[in-house]
Protein chains: 2
Amino acid sequence: MKSQFGEKIRTLREKQNLYLRQVAPLLEMDTAQLSKIEKGMRQLKREQIPIIAEILKASSDELMTLWLADQIYAVVKDEKMANEAMQVAEKNINQTKRKK
Amino acid sequence: MKSQFGEKIRTLREKQNLYLRQVAPLLEMDTAQLSKIEKGMRQLKREQIPIIAEILKASSDELMTLWLADQIYAVVKDEKMANEAMQVAEKNINQTKRKK
DNA sequence: TATTGACTTGTCAAATATTGGCAAATATAA
DNA sequence: TTATATTTGCCAATATTTGACAAGTCAATA
């Protein structure tokens, strides 16, 4: 499993028949960087997600979900206690929510 | 929710009637740092978890779980798509496991 | 096979983020 | 007050991530 987010934006970009060189400048980066992002070798900045969502006519929430999932995965990948940690974290999230 | 890991090691330390100044040197840090770690203002290094587990006579797996949960929480805290992201990440973890 | 265009990869300095260490502050008890 | 334990603030040191560029691969095709 590489990068769900990267794979997704690549697919979306290809569906729109856009080249890296067309999309990259809209995100103020060069094609090399965007290529790495699509391959999961770099992370897009969180605040750029709404921007790329608009460029690719995709749901910002969906892209954000994949982007966050990649971040989480990076933390627990190869960890023996991954599932247990996820359970604990999930509990914390929901507790925080309830408090608001 | 601050730091599950920090709260846990503080509780364990107090149960053993140990002072920061006694534990910190065993982790090659000063009391200020350990204090911050217990309060969730700093992260213990991943590789030090087995060490502190031994010092505090606790389960390394349990501490690792809490430590990882803190890292995950840091990623998704305040994120609208937190729960969705957790679901996606969990799926990825289990897929990776199956492949091994 | 030479050229072109799209994409990829490697490197490295610059920008960011995190940590370590110290000193001073606070807190509590005697 | 003094002593001890812990906390906080600061900033330099260290580590990590990013940006930019050059050179590389690959596929299509003239």
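Refer to the preceding data block for the structure.
The paragraphs below set out a description of the structure included in this document. (Residues numbered from 1 in each chain as written. Chains lettered and ligands numbered in written order. Predicted model: local features only at pLDDT ≥ 70, side-chain atom pairs only at ≥ 80, totals over all residues. Heavy atoms only, no water.)

## Quick look at the interface of chain B and chain A
- Listed per partner, the contact involves 33 residues of chain B and 33 residues of chain A.
- For the pair chain B and chain A, the summed buried surface comes to about 3200 Å²; carbon and sulfur atoms form 62% of the total.
- Linking chain B with chain A are four salt bridges.
- Among the ionic pairs, D61(B) bridges to K80(A), the shortest N-O distance being 2.8 Å.
- Between chain B and chain A we count eight residue pairs in polar contact (both at pLDDT 80 or more) in total.
- Of all elements in the fold, only α5 (60-76) and α6 (82-99) of chain B reach the threshold of two or more residues within the side of chain B that touches chain A.
- Residue composition of the side of chain B that touches chain A, by class: 16 nonpolar, eight polar and nine charged. (Contact = heavy atoms within 4.5 Å. Buried area = accessible area lost by both parts, 1.4 Å probe. Salt bridge = Lys/Arg side-chain N within 4 Å of Asp/Glu carboxyl O. Polar contact = N/O pair within 3.5 Å; in protein donor to acceptor, adjacent residues only side chain to side chain. Helix = DSSP H or I, 4+ residues; strand = E, 2+ residues; numbered from the N terminus. Nonpolar A, V, L, I, M, F, W, Y, C, P; charged D, E, K, R; others polar.)

## Re helix α3 (residues 31-38) of chain A
Residues and elements named next belong to chain A.
- Along α3, the residues that are buried comprise L34, I37 and E38. Along the axis of α3, the buried positions cluster into a sector of 95 degrees, meaning they face one direction only.
- Here the buried face of α3 lies against α1 (4-15) and α2 (20-23).
- A positive phi of about 80 degrees marks G40, the residue just after α3. (Buried < 20%, exposed > 50% of the residue type's maximum accessible area, 1.4 Å probe, protein only. Arc of directions from axis to C-beta.)

## Focus on the relation of the copies chain B and chain A
- In the superposition of chain B on chain A (RMSD 0.0 Å, axial shift 0.0 Å), the rotation amounts to 180 degrees. Read as a symmetry element, the transformation amounts to a two-fold axis. Judged by C-alpha distance, I72(B) is the residue of chain B that lies nearest the rotation axis, at 2.9 Å.
- Both copies share a contact surface, since 100% of the interface residues of chain B are interface residues in chain A too. (Least-squares fit on C-alpha atoms with pLDDT ≥ 70 in both.)

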